[in-house]
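Below are the chains, spelled out letter by letter.
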Amino acid sequence: MDTLYVLSQLVNGLKLGSVYAMVAIGYSIVYGILRLINFAHGDIMTVAVYTILSLVTIFGLPLWMSIGASVVMAVVVGLIAERTAYRPLRAAGEETTLVSSLAVSIFLQNLMMMIFSPQRKAFHLPENLTFLHNFNGIRLSTMNIITFIAVIVILVILTFVIKRTRVGMAMRACSDNMDASRLMGININHVVVIAFIIGSSLAALSGLMLAGEYKTIDPMMGFVPGLKAFCAAVLGGIGSLGGAVLGGFVLGVAEMLFAGLMPTEITPYRDAFVFVVLILVLMVRPNGILGSREGGRS
Amino acid sequence: MLEVTDLRVKYDTIRVIHGVSLNVREGELVALIGANGAGKSTILKTLSGLLKPESGEILFNGQPIGGLACHKIVQQGIVQVPEGRQIFSKMTIKENLRLGAFLEVSRKRWEQNLERVFTLFPILKERYHQVAGTMSGGEQQMLAIGRALLSNPRLLLLDEPSMGLSPLMTEQVFDVLRTLKQEGITMLLVEQNAYDALEISDRTYILETGTITLEGDSRRLINDPGVKQAYLGGV
Amino acid sequence: MRLRDNHLFRLIIFVILPLIGLIVTSMNSGSYYSGLVHLFGINIILVASLNLVNGYSGMFSMGHAAFMAIGAYASAMLTLTADQKVFLMPALPDWLMHLTLPFPVTLLVAGVLASVTALLIGFPVLRFKGHYLSVATIGLIVIVRAVLDNEDQITNGARGVTGLPDYASTGIIFSVAILCLFVLYRLIHSSYGRGLIAMRDDWTAAQTLGVNLTTKKLSAFLISAFMAGMAGGLWGHMQSVISGKFFYIDTSFKIVETSIIGGMFSLSGAIVGSALMTFIPELLAPLETGITLFGVQLPELYGASNMILAAALILIIIFRRQGIMGYSEIITDSLFSRETYLSLFRPDQYSSLAKAIVTLPVRSWQSLKARWVGQKHKSL
Amino acid sequence: MAELLKVNNLSMHFRGLKAVQDFSASLAEHGIYGLIGTNGAGKTTVINMLSGVLKPTAGTIEFAGRDITAMRPDRIARLGILRTYQNLRLFRRMTALENVIIGAQMHHSYSDVDAVLTLPCFRVEEDEMRRVAREMLALMGIERYADERANSLPYGAQRKLEIARILAARPRLLLLDEPAAGMNPQESAELVEIIRRIRETFGLTILLIEHDMKVVMGLTEYIYVMATGQIIAEGKPDEVRKDQKVITAYLGRKRRDA
Amino acid sequence: AKDKSEDEGASPAADTINVGALFNLTGGQASLDQPSYNGFKMAADEINAAGGINGKMIEVKVVDGKTDQASVASAAKKLIDVEKAVVVAGLSDSNYALAAGGVCQSNSIPFITSGATLPTLPEQVGDYAFLAPFGDNVQAYACADYAIDDLKMTKCYLLIDQSMEFTKTLAHFFKERYEEKGGTIVLTDNYMNKDPDFSAQIDRFLADKGGAEILFISGVPDDAGVVVKQFRDKGVTLPIISGDGFDTPLLMEVAGDAANNVYVGTHASLENTDPAVQKFVADYTAVYGHAPENAFAALGYDTMYLIANALKNATDPTDPAAIRDAIGATKNLKGVTGTVTYEEGSRVPTKSVTINKVEGGKFVFQKEVFL
Ligand SMILES: Nc1ncnc2c1ncn2[C@@H]1O[C@H](COP(=O)(O)OP(=O)(O)OP(=O)(O)O)[C@@H](O)[C@H]1O
Ligand SMILES: Nc1ncnc2c1ncn2[C@@H]1O[C@H](COP(=O)(O)OP(=O)(O)OP(=O)(O)O)[C@@H](O)[C@H]1O
Ligand SMILES: [Mg+2]
Ligand SMILES: [Mg+2]
């Protein structure tokens, strides 16, 4: 096996990983604060992608406008879900909200299916985004490059926001101790709403990237990436954005390297392998790759 | 400044505050003492908005605040040092203090206040970057008090500030309360250390199982034989 | 007196009605309704055993379907005839090929194999806390599925195994279910269960009170996997077809969901939740095939029942945050007591029961109203 | 009196921070010892090490002639060292009674199979545990809360509940971390009485951390004083009270202690 | 009281025949099963409009299987038990069809799967189970024959979606036939359903020195366009051939021109100029507002006619056993997806396989292969 081949598998892994990372980062913004395993995150991506598709194909809107609209749509859906299904349960514990997020997910999937039919649809990005660049035999589309850069940029911006700004401070406070945050004068509802706005907009963007990668969309498309995002966020360390991104990359690279480098007889075990890697990593670092020891002592 | 009339509070179905009325005047230090489970913490939590009153009126500077969201109440300057400290255990001391001044925007004011907190509790400066959850009990209590001071309270609600502090440190904290009082900050103090509480406060309410049984000038109560018997360990 | 505190009421709801239901369905096995009742029984086992881990021990496993799968395949291996196995599982060793065991024994083997799997995965994984454990258990499902799909020579791959004999009668399903419930009940209400709950509430404190966390966690996981394995065996013989696809993440999530809806911290919660999640979707199904309502033919709307169910789940969980049963057990306190049976002979019980039932709508309306008013008050 | 616990040069370092440094002590059977010191001196850390919650960086712990230095907490508990927590650690969703039963069941002898089969020994022992638990609640004066959920109890009662819980576990050595915190003088006076009675009835050894000098001076027979990780003084209460170092670092001048 | 109403219901029921339709109308299988059900229902309406079965109307009773095994099994029971269906049809995935078939078999009700192509299905389930489409072996054989006999290509690269029973079976039969006829499989590789990226496989293919002349990709519609496009993007212009999984407009929609030179072995060509086919397409478009989504619509349609034909010929159209015998006796029943004949003792029809080729963004009919 030559190095170029290995290298190109690595690049493929990063490519896939950056899509996972993109989903995971949006996922973990909400997850970090509320510890809400938001199974509906993936479905919000679906909603956004269908919004783009219908605006472009039915109303002939330009892509960038439809993307804007899809972000708005995703935020609206995210906020409705927050208001109706998550907020009334905020004090109720993680397990309970898990049910409501699964329910929201099922609701959205079926709604999408009713509106847009269960048929898979082709999803095209404009030529200039899908154009393939050739770097010494390693091929990347413009969209791949944009995704990768976007992940890094968004990570940097969000990290800055969370570490340095008032809002970010409030977010971290809420994730640490809700009651104390209230006593500090933080409007928890605002913080959560902001988190959902960020999370849902990122869901819309990652939906776009995911659809660009798969080139087809269907009403169920969001569930598996949503689940992977959850795994990535946990693998990276709950509550750590950098961890979520790293987790996404680890999943993507593990997948592609296994698919590319292993003999074909065992490549069907790829998904299993990814989880074996995940479990091994957690055995070494039980709080995730970048996770800190949970605070508190005896 | 603070007017509470006929306050009732319940947890789920059990009512624990049965019509309490009390008031705190501008600049005053009022103590609230009572046995375990009398409902002192419950009253404070209701005042700061963590709990919703079942009925009754709470006026702050003439404005009703009963049942308002917690952050709205804090915005008006009512700040609590909660029972059990409620620090942000995964964040550093620095961040905890920063959060104390969440609503306080002026950088200068924050620095001034911070200086003062540091002189009070030097350990906080020493451990500025330690994760708060790993601090000792007493250190956490200092942090909780320091954090509250940073927010420029108009009315400070203190729920057992001396709990877990060494005698020396308790003394110092009470000294701080005295200074604060001189600076004109209004305070409502819940304290198990009834003697200290009576000594430092202007007026005192005594709470028994959710109702106020006695109220009056602290000087007078401190010499009241009944109070002595029940709350001062029969000294 | 609250209705649910009435011994007679409990007796009727939890003993007499179910008994009648069971007798009727077992007389008519193989029918649609008895199929649902069987499903209900199997769900009880699954959910109750999951509650031991997720509710009582405070670990949060999402991998129950993996244990089901192992149980189902194990019992298939032991109940199919050699002819079938030659066709479906050609790589089986000789002794297994010709081994056919009575169904109850295969169920036990199914449970044991599931436990062994739990043991293997448990050692590395149970050290993880909270969601780390959840993710690892999701991983277990994926791994098990990969093996089932790819070891064609033993599992017949993704085509699955067919022709499992129809052994899952009402009798055996509910014997197993009742046995499991009983064992769980006893465990939970003995020092074992208290230790678990203590661990759930505060593991440090539990440890300094002599609770050995490792054995506690592992044993809870094993017992739970054992029961799930048996349920998987029953499931396979009820459906007669098994394949990796049917024991995947969605199946697992449904069990978790049922457990939370019913109440993770209660065995009666497992029963109530299972009943709800087994029967309600069936009741809703006619909605979408275009029923006629007030003379208007509604259009066919596939997915409508799923959406209604989803909305209903959210509502239930908002009104009963800890699940329908929360932390309480309705049955157990009185079901086995003499008093319950004596009360059958006390007429005053009947009158109070009647009164309770009559006033039920009024009171539930009032409590509903109270909730709404309370909610409004809060959001002010 | 025979020596029950022997601690040699115990140290605990967190990264750079020397939370405890060369802590040595020796507790005799049936004694009541005090451990006082400034906030952050390392008292709780000592108890954490004694109970196995933290593994010491250096030093050894010997209990009744056995080395327990790196033993698991549950095994240490079974040997009879039981502790309370400064920041209460009750089993919040259990009732007060059940909390105590957890303590009582540590030495139960029926097996899980006995429980499943509901054998008579199970019934008998369960009843016995229940009885013991109630007794302990009564001893601490909180039996009226028996059937209430632990986290809805008032703070002071929660403290007493923690003590009841470990008493039910038949301790030989009690480690109490600020048991009187959150109690008013009246109540802590009662607590002193209770602890004294406990010691007499059960013949226990007690190590007590406390900032309330009335409690410490009224109860203990020997006191260790810590500051910044080290023992700065030790001795009889009267000696310690007059120790200049202790006064400046810890007691302060104005105290009107007992 | 209940019995009475049932009796009352029985008199109109005498003029109708209840046919059970069991489809996964929601969940992952819905994209195949919804069109299938649409075709099925449309055919029933046509038959009823034309006077029904000897004067009796067909009443389609549908239950959603929700892409969930337990639901499918209980739906089958419901159709038989509650809806009193005399024959049950539907489903496009073998796993679910096996589940439903088992229930029907034990209740002695004929079951016809409209879309599952596992050739051993009837054998596994029992004498009441039938396939309406051809078996995977048939389409795989046809593809192999076409590659070797018509395209004259004897070195093949095989790419298999390992996540599904269907794709694995298809590849298995293709390989069997291809090698039997003297071809060689130079390299076999795998992927999983909905993989977004085939770079690893493509790189491996490019690195291989076996000299493949044609690619057989055993996949489903989800991936059809993506995988073809990515191979083409990396400069692989060789012909690609696949089974009915690739018979989807997505192939062209996603891959665009890259889809050219792809051969698809499938049930029918909707571009087929046969008037029956064109009528079906036109009617379907009229009823549902869009053209048939995929071949499963036509399969559903044909399945209904298969049932109707059997009901007409059965000695007693209310007796399931008689219906079963009548289905088994079907000979030369012409439909949109070919002509159905069940040979003696076989419950898998012998049907021709249509080979289409993508040219200029459209499926172009190449050949009808009879085995
Ligand atoms: N979360 C809760 N749920 C139910 N009841 C509660 C809850 N918190 C407190 N209570 C009850 O309310 C009553 C008053 O409690 P509160 O904590 O206000 O007392 P307190 O006067 O502050 O006591 P302490 O001196 O111990 O702090 C007690 O009887 C307690 O049992
Ligand atoms: N896990 C930890 N990580 C870092 N530092 C720690 C940790 N645990 C304790 N410390 C530090 O060790 C020192 C001793 O803490 P300890 O809790 O033992 O004090 P203490 O004597 O009990 O004080 P107090 O009277 O306030 O309870 C403190 O300064 C604390 O910050
Ligand atoms: Mg209090
Ligand atoms: Mg301490």
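Note that the coordinates shown come from a computational prediction; the quantities given were computed from them, not determined experimentally.

What counts as what
Residues numbered from 1 in each chain as written. Chains lettered and ligands numbered in written order. Predicted model: local features only at pLDDT ≥ 70, side-chain atom pairs only at ≥ 80, totals over all residues. Heavy atoms only, no water. Donors = N, O, S within 2.8 Å, 3.2 Å for Na, K, Ca; no water. Helix = DSSP H or I, 4+ residues; strand = E, 2+ residues; numbered from the N terminus. Buried < 20%, exposed > 50% of the residue type's maximum accessible area, 1.4 Å probe, protein only. Pairing = 2+ DSSP bridges. Axes fitted to C-alpha atoms, helices over the stretch in contact; angles between N-to-C directions. Contact = heavy atoms within 4.5 Å. Near = heavy atom within 4 Å. Polar contact = N/O pair within 3.5 Å; in protein donor to acceptor, adjacent residues only side chain to side chain. Buried area = accessible area lost by both parts, 1.4 Å probe. Salt bridge = Lys/Arg side-chain N within 4 Å of Asp/Glu carboxyl O. Nonpolar A, V, L, I, M, F, W, Y, C, P; charged D, E, K, R; others polar.

J.: I tried to follow the coordination of the magnesium ion (ligand 4) on my own but got confused; where do I start?
T.: Between any two of four tetrahedral donors, the ideal angle at the metal is 109.5 degrees; between two of six octahedral donors, it is 90 or 180 degrees. Residue and element names in this part refer to chain D. Taken together, Thr44 (OG1) and Gln86 (OE1) make up the full set of protein donors to the magnesium ion (ligand 4), lying 1.9 to 2.1 Å away. Separated by 42 residues along the polypeptide, Thr44 in helix H1 (residues 43-50) and Gln86 in the loop between strand S6 (81-83) and helix H3 (96-104) bring together distant segments of the chain. Side by side, Thr44 and Gln86 carry an identical accessibility label, which is buried.

J.: Is there a simple way to explain the coordination of the magnesium ion (ligand 3) in this structure?
T.: Of the protein atoms, only Ser41 of chain B (OG) and Glu83 of chain B (OE) coordinate the magnesium ion (ligand 3), at distances of 1.8 to 2.4 Å. Taken together, the positions of Ser41 of chain B in helix H1 (residues 40-47) and Glu83 of chain B in the loop between strand S6 (78-81) and helix H3 (93-100) put the pair 42 residues apart, joining distant regions of the chain.

J.: Hey, could you run me through the sheet that holds strand S8 (residues 214-218) of chain E in this one?
T.: Sheet strands pair by backbone hydrogen bonding; their relative direction is either parallel or antiparallel. Residue and element names in this part refer to chain E. Read across the open sheet, the seven strands follow the order S7-S6-S8-S9-S10-S13-S14; overall the sheet is mixed. Edge positions in the open sheet fall to strand S7 (184-191) and strand S14 (362-369), since each of these has one partner strand only. This sheet shows a mean twist of 25° between the axes of neighbouring strands, independent of strand direction. Of the strands in this sheet, strand S6 (155-161), S7 and S8 are in contact with helix H7 (residues 165-180), which crosses S6 at around 165°. Contacting S6, S7, S8, strand S9 (240-242) and strand S10 (262-266), helix H9 (residues 221-233) crosses the sheet at an angle of about 135° to S6.

J.: Can you help me understand the arrangement of the chains in this one?
T.: Out of eight pairs of chains that touch, the pair holding the most contacts is chains A and C. There is no contact between chain B and chain E; across them, the least C-alpha separation is 39 Å. Nothing in chain D touches chain E; the tightest C-alpha to C-alpha distance between them is still 32 Å.

J.: Got a minute to help me understand the site of ligand 1 in this structure?
T.: Residues in close proximity to ligand 1 total 18 residues, the closest being Asn36, Ser41, Thr42 and Gln192 of chain B together with Ser152 of chain D. The local environment of ligand 1 is shared, drawing residues from chains B and D. One nitrogen or oxygen atom from the side chain of Gln192 of chain B is found 2.7 Å from an oxygen atom belonging to ligand 1. When contributions to the shell around ligand 1 are tallied by element, the ones reaching two or more residues are H1 of chain B together with helix H6 (155-167) of chain D. The element best represented in the shell around ligand 1 is H1 of chain B, accounting for three residues.

J.: Looking at this model, I keep getting lost on the pairing of strand S3 (residues 32-37) of chain D. Mind explaining?
T.: Side-chain positions along a regular strand alternate between the two faces of the sheet. All names here are of chain D. Of all six residues in S3, six are buried, a share of seventy percent or more. Alternating residues of S3 divide into Ile32, Gly34 and Ile36 and Tyr33, Leu35 and Gly37, and every residue in both groups is buried. Two strands pair when backbone bridges link them, and S3 and strand S8 (residues 205-209) are joined in this way by four bridges, in the parallel orientation. The residue bridging Leu35 from the neighbouring strand is Ile209, located in S8. Relative to strand S9 (residues 222-227), S3 runs parallel, the two sharing five bridges. Residue pairing for S9: Tyr33 is matched across the bridge by Tyr222.

J.: Would you mind showing me how to read the interface of chain C and chain A here?
T.: Many authors give the size of an interface as the accessible area that is lost as the parts come together. In this complex, chain C contributes 40 residues to the contact, which on the side of chain A involves 45 residues. When the two sides are added together, the surface that chain C and chain A hide from each other amounts to roughly 3,700 Å², 79% of it contributed by carbon and sulfur. Counting the surface chain C buries against chain A, the share from its top three residues, His131, Tyr132 and Met307 of chain C, is 21%. Counting the contacts that link chain C with chain A gives zero salt bridges. Our count for the chain C to chain A interface comes out at nine residue pairs in polar contact (both at pLDDT 80 or more). At the level of elements, helix H6 (103-125), helix H7 (130-150), helix H13 (249-262) and helix H15 (304-319) of chain C are the ones that each hand at least two residues to the side of chain C that touches chain A. For the side of chain C that touches chain A, the leading source of residues is H7 of chain C, giving eleven residues. Its residues placed into classes, the side of chain C that touches chain A shows 29 nonpolar, seven polar and four charged.

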